[in-house]
Every structure is written in structure tokens, then in C-alpha cells.
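Each chain is listed here by its residues.
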Amino acid sequence: SALLETWATSLSATSHAAQRVGVEHAFADQTTYWEFAHSLNHSSCVFTIEINGMDGQIVGSIGPNTAVGLLGLEIDAGEAIADADMQTMQPIVERLARDIEHLWQPLKPVSVRSVRLWANAFAPRATAMHEVIGLLAFQAHIAGSKGERAGIVELCYPNLLLEEFFPDLLRLSQNQRS
């Protein structure tokens with residue numbers, strides 16, 4: 001879709017090492033926040049985005065292989081990314097937050113209030129562990145000077161945050177099919 005192409009272009013422009021980034025939809029699912037939190041890799045770049053106009057926060061995860069590719073590091077994806085390198089992910093995550101902000105504009109005017117990187121993948125709490133969340137996952141392919149890497153980027157939306165948008169999301173999806 002056009003949104004994914006735009007996102008891939010902005011990731012390429014914001015990345016420190018990527019010459020080309022491709023993004024495709026991997027899956028959408030509903031699960032509990034507990035399942036999402038416990039599926040995170042300890043080496044992932046985990047972040048929260050608070051958005052004015054939404055009552056809550058989005059939790060995201062950029063998988064280690066994707067983060068390593070975006071940063072142009074010469075480490076194995078299983079190795080922990082140094083704190084100093086992880087801080088260089090901030091502009092990439094901020095760009096992602098602005099792209100999410102634009103995504104919601106047709107439904108409701110929103111703006112990014114804050115973006116925070118977390119050193120501990122299990123620290124952010126978007127909702128209670130037993131609550132249901134919507135999970136959107138994207139596969140990112142990064143071609144850079146260090147070779148090609150692929151990995152997952154996940155966005156976790158607590159259902160409580162999305163409930164007010166369900167009628168508008170349904171209407172928007174029906175309009176796109178027509």
C-alpha cells in the first residue's frame with residue numbers, strides 16, 4: 001500500500017546505514033498484552049508512543065535484526081545492542097511516531113505527545129497484562145553497506161485505546177472496498 005511505501009522511504013531517509021528499506025504487512029492479530037510482552041526479544045528496540053487525542057499509549061518493538069540493519073552495526077542479531085547505539089534509534093522511532101500520527105488523521109486529529117525508548121523490553125505497560133490488544137506487524141527488509149537484513153516491527157494498540165475508533169475503522173475499510 002502507499003502507506004507502507006511512504007514508511008519504507010522515511011525509514012531509509014532516517015536510517016544511519018540503510019541504503020534501501022522495504023516494508024510489507026506481516027500480520028494483524030489480537031492477543032493479550034501478557035503474550036505480546038513475553039514474545040519480545042530482550043535485544044529488541046522497545047518504545048512507547050503517547051498520542052494526544054488517544055487515551056493511552058502504543059507500545060512498539062523493532063526486532064534486533066531490523067535495528068542492527070537500520071543502525072549499520074557489525075554485530076549478530078542475537079547480541080545486545082549497546083546503550084549508545086540504541087539511543088541512535090531515537091530519530092528513527094520518532095519518525096515512525098510521526099508516520100503513525102499521519103495514519104490516524106483521516107479518523108481523528110492526533111499528535112505525538114512523547115516517544116520513549118526502553119532499555120528493558122518488559123518495562124512498558126500499555127495496559128493490564130490480561131487485557132486484549134491489537135497487534136500489527138510489518139516485515140522490514142534493509143539493504144545496506146553491511147548486507148541485507150530482515151526483521152519484524154510490531155505495534156501494540158490496547159483495545160481500550162481503539163474502542164472509540166472501531167466504528168470509524170469499519171466505515172473507512174468499507175469505503176476503501178467500494
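The preceding data block contains the structure.
Remember, predicted model here, so these are calculated numbers, not experimental data.

Conventions and cut-offs
- Residues numbered from 1 in each chain as written.
- Predicted model: local features only at pLDDT ≥ 70, side-chain atom pairs only at ≥ 80, totals over all residues.
- Heavy atoms only, no water.
- Core = buried A, V, L, I, M, F, W, Y, C linked by side-chain atoms within 4.5 Å.
- Buried < 20%, exposed > 50% of the residue type's maximum accessible area, 1.4 Å probe, protein only.
- Helix = DSSP H or I, 4+ residues; strand = E, 2+ residues; numbered from the N terminus.
- Expected span 1.5 Å × (residues − 1).
- Phe/Tyr/Trp six-rings, centres within 6.5 Å; stacked < 30°, edge-to-face > 60°.
- Lys NZ or Arg CZ within 6 Å of the ring centre and 35° of its normal.
- Salt bridge = Lys/Arg side-chain N within 4 Å of Asp/Glu carboxyl O.
- Lys, Arg positive; Asp, Glu negative; His and termini not counted.
- Contact = heavy atoms within 4.5 Å.
- Pairing = 2+ DSSP bridges.

Q: Before we go on, may I ask you to explain the nonpolar core in this structure?
A: The nonpolar side chains of soluble globular proteins are, as a tendency, buried together. In this structure, F47, I62, M89, I100, W104, L155 and Y157 are the most contacted members of the largest nonpolar core, which totals 36 residues. Here this core gets 6 residues from one element, more than from any other, and that element is helix α5 (residues 90-104). Listed in part, the 11 residues of the second largest apolar core include Y33, F36, V59 and I133.

Q: In this structure, what is going on with α5? I would like to understand it.
A: Because each turn of an α-helix spans 3.6 residues, side chains separated by three or four positions in sequence point in the same direction. The end-to-end C-alpha distance of α5 is 21 Å, a good match for the 21 Å that 15 residues give at a rise of 1.5 Å each. Within α5, the full set of buried residues consists of Q90, I92, V93, L96, A97, D99, I100, E101 and W104.

Q: Help me out: how do you make sense of helix α3 (residues 64-71) in this one?
A: Burial analysis of α3 places 7 of its 8 residues in the buried class, which makes it a mostly covered element. Among the residues of α3, P64, T66, A67, V68, G69, L70 and L71 are the ones counted as buried. Once α3 finishes, G72 follows within two positions and takes phi at roughly 70°, a positive value.

Q: Can you walk me through the packing of aromatic side chains in this structure?
A: For any pair of aromatic rings, geometry is given as the distance between the ring centres together with the angle between the planes. Per the counting criterion, the structure on display carries 2 aromatic pairs. Relative to F36, the ring of Y33 lies with its centre 5.9 Å away and its plane at 50°, an arrangement referred to as tilted. Taken together, the positions of Y33 and F36, both in helix α2 (residues 33-39) and 3 residues apart, correspond to about one turn of that helix. For F36, a relative accessible area of 1% puts it in the buried group. Positioned above the aromatic ring of W118, the side-chain terminus of R116 is 3.7 Å from the ring centre.

Q: For this particular structure, what's the right way to read the environment of S111?
A: In this structure, S111 sits in strand β4 (residues 111-118). With relative accessibility at 29%, the residue S111 sits in the partly exposed group. Taking the C-alpha atoms as reference points, S111 and A97, 14 residues apart in sequence, are found 9.1 Å from one another.

Q: What am I meant to see in the pattern of salt bridges here?
A: Where charged atoms from two side chains of opposite charge approach closely, those side chains can pair. All told, the structure shown has 2 salt bridges when counted by the stated rule. Between R113 and E50 there is a salt bridge, and its shortest N-O distance comes to 2.9 Å. Here R113 is found in strand β4, whereas its partner E50 is found in strand β2 (residues 45-52), with 63 residues between them in sequence. The partly exposed category is assigned to E50, whose relative accessible area is 27%. Close ionic contact of R95 with D99 constitutes a salt bridge, the shortest N to O distance being 3.7 Å. Placement of the pair is R95 and D99 together in helix α5, with a separation of 4 residues, close to one helical turn.

Q: Which parts of the structure should I look at to understand the side chain of E154?
A: The residue E154 is located in strand β6 (residues 147-158) in this model. Buried charge E154 goes without a salt bridge, the closest partner of opposite sign being R125 at 13 Å. Not counting residues within four places of it along the chain, the set of residues in contact with E154 comprises F27, F36, L40, V59, G60, S61, L135, L136 and A137.

Q: Just checking my understanding: could you explain the pairing of strand β3 (residues 57-62) for this structure?
A: With 6 of its 6 residues buried, β3 lies for the most part within the structure. The alternating pattern of β3 places Q57, V59 and S61 on one face and I58, G60 and I62 on the opposite face, and all of these are buried. Pairing of β2 with β3, which is carried by 6 bridges, proceeds in the antiparallel orientation. Looking at β3, one finds that V46 is bridged to S61. Between β2 and the antiparallel strand that follows it, β3, lie 4 residues; G53 among them carries a positive phi value of about 100°. Of the pairings in the sheet, the one linking β3 to β6 comprises 4 bridges and is antiparallel in character. Bridged to V59 within β6 is C156.

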